[in-house]
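# Fold and contact review
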Amino acid sequence: MALRTLFTKKALTRASGLGPLGAAAGDRGLGSGLGQARGLTAASLPDLPYDYGALEPAISGEIMRLHHQRHHQAYVTNYNNALEQLEAAVAKGDAPAVVRLQGAIKFNGGGHINHSIFWNNLKPEGGGEPPHSALGWAIDTDFGSLEALVQKMNAEGAALQGSGWVWLALDKGSKKLSVETTANQDPLVTKGLHMVPLLGIDVWEHAYYLQYKNVRPDYLKNIWDVINWKYASEVYEKETA
Amino acid sequence: MAMALPLAYASSVVHPFEAGRLSFSTKATKHKKQIYQFRNVTKVLAYYGLTNPPYKLDALEPYMSRRTLELHWGNIHRGYSDSLNKQLANSPLYGCTMEELIKTTFNNGNPLPEYNNAAEVWNHDFFWESMQPNGGRLPWGGVLDQIEKDFGSFSNFRDEFVHSAMMLFGSGWVWLVLKTNERRLLIVRTSNALCPLVWGDIPIISLDMWEHAYYLDYKDDVSKYVNNFMDHLISWHSATTRMVRAEAFVNLGEPKIPVA
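Residues numbered from 1 in each chain as written. Chains lettered and ligands numbered in written order. Predicted model: local features only at pLDDT ≥ 70, side-chain atom pairs only at ≥ 80, totals over all residues. Heavy atoms only, no water.

- The name given to chain B in an unreviewed UniProt entry is Superoxide dismutase, with the source organism recorded as Musa acuminata subsp. malaccensis.
- Reading the Subcellular location (unreviewed entry) entry of the UniProt record for chain B gives the comment "Plastid, Chloroplast".
- What UniProt records for chain B under Catalytic activity (unreviewed entry) is the sentence "2 superoxide + 2 H(+) = H2O2 + O2". (UniProt positions renumbered as here; feature names shortened; annotations may be inferred.)

- Taking an unreviewed UniProt entry as the reference, chain A is identified by name as Superoxide dismutase belonging to Musa acuminata subsp. malaccensis.
- For the record of chain A, the UniProt heading Cofactor (unreviewed entry) holds the text "Mn(2+)".
- If you open the UniProt record of chain A and go to Subcellular location (unreviewed entry), you find "Mitochondrion matrix".

## Quick word on the packing of helix H4 (residues 61-92) of chain A against helix H5 (residues 95-121) of chain A
- In contact at an axis separation of 8 Å, H4 of chain A and H5 of chain A are set at 145° when each is read in the N-to-C sense. Judged by the twist between their axes, the crossing of H4 of chain A over H5 of chain A is left-handed. (Axes fitted to C-alpha atoms, helices over the stretch in contact; angles between N-to-C directions. Helix = DSSP H or I, 4+ residues; strand = E, 2+ residues; numbered from the N terminus. Left-handed = near helix turned anticlockwise from the far one by under 90°.)

## Here we look at the UniProt feature "binding site: Mn(2+)" (unreviewed entry) in chain A
- In the numbering adopted here, UniProt assigns the feature "binding site: Mn(2+)" (unreviewed entry) to His67, His115, Asp202 and His206 of chain A. These annotated residues cover 140 residues of sequence, and their C-alpha atoms all fall within 12.4 Å of one another, placing them together at a single site.
- In this fold, Asp202 of chain A is placed in strand S3 (residues 195-202).
- Ignoring anything within four residues of it in the chain, the contact list for Asp202 of chain A reads His67, His115, Phe118, Gly164, Trp165, Ala207 and Tyr219 of chain A.
- Looking at Asp202 of chain A, its side chain comes within polar contact range of the side chain of His115 of chain A, at 3.1 Å.
- Among the secondary structure elements, His206 of chain A is positioned in the loop between S3 and helix H8 (209-212).
- The exposure class assigned to His206 of chain A is buried, which follows from its relative accessible area of 1%.
- With residues up to four places along the chain from it excluded, the contact list for His206 of chain A reads Ile63, His67, His71, Tyr75 and His115 of chain A together with Glu211 and Tyr215 of chain B.
- Side-chain polar atoms of His206 of chain A contact the side chain of His67 of chain A, separated by 3.1 Å. (Contact = heavy atoms within 4.5 Å. Polar contact = N/O pair within 3.5 Å; in protein donor to acceptor, adjacent residues only side chain to side chain. Buried < 20%, exposed > 50% of the residue type's maximum accessible area, 1.4 Å probe, protein only.)

## Let's talk about the sheet that holds strand S3 (residues 202-208) of chain B
All names here are of chain B.
- If you trace the three strands from one edge of the open sheet to the other, you get S2-S1-S3, paired in antiparallel fashion. Every other strand in the sheet has two partners, leaving strand S2 (184-191) and S3 as the edge strands with one partner each. Ignoring which end each strand starts from, the neighbouring axes of this sheet average 20° apart.
- Across six bridges, the pairing between strand S1 (residues 172-179) and S3 is antiparallel. In the strand pairing of S3, Trp175 is matched with Ser206.
- Contacts between helix H4 (residues 114-129) and the sheet are confined to S1 and S3, with S3 contributing the most and set at about 85° to the helix. (Pairing = 2+ DSSP bridges.)

## Some words on the UniProt feature "binding site: Mn(2+)" (unreviewed entry) in chain B
All names here are of chain B.
- Under the local residue numbering, the UniProt record ascribes the feature "binding site: Mn(2+)" (unreviewed entry) to His72, His124, Asp208 and His212. Taken together, the annotated residues stretch across 141 residues yet fold into one region, lying no more than 12.3 Å apart by C-alpha.
- Tracing the sequence through the fold places His124 in helix H4.
- Beyond its immediate chain neighbours, meaning those up to four positions away, His124 contacts His72, His77, Tyr80, Trp173, Asp208 and His212.
- Here Asp208 lies in strand S3.
- What makes Asp208 buried here is its relative accessible area of 0%.
- Once residues within four sequence positions are removed from consideration, Asp208 is found in contact with His72, His124, Phe127, Gly172, Trp173, Ala213 and Tyr225.

## Quick notes on the nonpolar core
- Formed by 129 residues in total, the largest nonpolar core has its most connected members in Leu122, Leu177, Tyr219 and Trp229 of chain A together with Phe157, Tyr225 and Phe229 of chain B.
- At eight residues, H4 of chain B tops the list of elements feeding residues into this core.
- When we break this core down by domain, the ones giving at least three residues each are domain 1 (61-121) and domain 2 (133-240) of chain A.
- Once residues lying within four places of it in the same chain are set aside, the contact partners of Leu177 of chain A are Leu135, Ala138, Ile139, Asp142, Phe143, Leu168, Ala169, Leu170, Leu198 and Tyr236 of chain A. (Core = buried A, V, L, I, M, F, W, Y, C linked by side-chain atoms within 4.5 Å. Domains from an automatic or database assignment.)

## Observations regarding the interface of chain B and chain A
- Taken residue by residue, the interface counts 16 residues in chain B and 18 residues in chain A.
- Across the chain B/chain A interface, buried area totals approximately 1,700 Å², and carbon plus sulfur atoms make up 57% of it.
- Inspection of the region where chain B meets chain A yields two salt bridges.
- One salt bridge in this structure joins Glu62 of chain A and Lys219 of chain B, with 4.0 Å as the shortest N-O distance.
- Between chain B and chain A we count eight residue pairs in polar contact (both at pLDDT 80 or more) in total.
- Contributions of two or more residues to the side of chain B that touches chain A are made by helix H2 (66-88) and helix H7 (215-218) of chain B.
- In terms of residues, the side of chain B that touches chain A owes the most to one element, H2 of chain B, which gives four residues. (Buried area = accessible area lost by both parts, 1.4 Å probe. Salt bridge = Lys/Arg side-chain N within 4 Å of Asp/Glu carboxyl O.)

## Regarding the UniProt feature "domain: Manganese/iron superoxide dismutase N-terminal" (unreviewed entry) in chain A
- The UniProt feature table records "domain: Manganese/iron superoxide dismutase N-terminal" (unreviewed entry) at residues 44-122 of chain A.
- With 75% helix and 0% strand, the stretch residues 44-122 of chain A has end C-alpha atoms that lie 20 Å from each other.

## Some details on the UniProt feature "domain: Manganese/iron superoxide dismutase N-terminal" (unreviewed entry) in chain B
- In the UniProt entry, the feature "domain: Manganese/iron superoxide dismutase N-terminal" (unreviewed entry) is given for residues 48-131 of chain B.
- Between the first and last C-alpha atoms of residues 48-131 of chain B the distance is 22 Å; the span itself is 57% helix and 0% strand.

## Remarks on the environment of Ala89 of chain B
- Its place among the elements puts Ala89 of chain B in the loop between H2 and helix H3 (98-106).
- Sequence separation between Ala89 of chain B and Ala46 of chain B is 43 residues, and the spatial gap between their C-alpha atoms is 7.1 Å.

Listed below in structure tokens is the structure:
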């Protein structure tokens, strides 16, 4: 158990402390032996800070397992492959190849970044502790109330066409909170270089379909039971310090 | 409009009338005039009915389960259809075939709010008809000839189609289209609800790559889904019928039917 805490603490720090790109570039969690052997800074799948079944009934254990072990792992693997190919292309001076790889890097790298944040955004029974102090006041100022924020995020998440994410974002410059959406696996930073994600909700169908079928609004309603406000507060306080 | 691309043969346009109160008079002219002046405003609506897939919902087992079709067609496709009709109740868009509606609402890349629903209704109709029980295997005749001409061999085409499906990032569709200007077949990948009709191309076969299309049956094993589609579901019968019509359009252009 202690060992597990050690690893999860590492994963937590990496995901939250280094900002949007840090998680991908600096992550040397478990299973990175191969990356180090190659001399590359390879991304690797962070461990979940809780069991797969711990978020029930909001999110089923089956979804959590597939989401983490299959989808996130695939993003990590493909991101590493794309980086390898990029390195080779840069070394050869193959500009068309470099440009061609950007799509795969954005998609898979974004997927890795986003999901690393997402696992920290969730906590068994996290929703029971609403945000207080700095983040709580900021939410009241910028949205009116916590209920208004939840309603806004749910509305934007439900209205998102196709696949994507809905975020509670902090603008580092203006210190204002806002609700943003990104398409596919675009990380929040694509909406603004000063945007920091406090909370993200995955509205890709793989995040809820097995349990909620096509009723995305039910998933959005229930996920607030397991949202980790503590993490969001920590990030907020760190960025506004 | 004369023969539009008849690729979704079942979306019917029905015009329900809401009759207001009529006040009749004994005089013939007044009578005639007043029939067309209802007390309540007559509302003419455009309405597109939800079509059924051309097979029972369990007919595609084990490659696509009945449960998937119940949800995909019964909830999702039906949802798009209901949303579209709700939007059209307050919209000036009226009198269009489905294809015309899609092109109009696409608005040259600046889509109107009805576009997404209209396109998804059409896309799903087209998709159900792109599949059949005991499908897959090889095309024959003209379709096979054209595929061999444009892709080198059927196996090249198959590999390219599968690869295109695997390379799709996010939600979308993979299409085999006949390009009207280039007069050749091409594999095209579109995101979300985008439909090649808006570019004037003629779709021959489509594959739904949204996760809801396969997640219940295959979870994240996309490769198995796509390969099963190619080997067991794809309807070359539909493709042949569509190709025949498409060729007529490409070779002869829009038919000129004289106005009476």
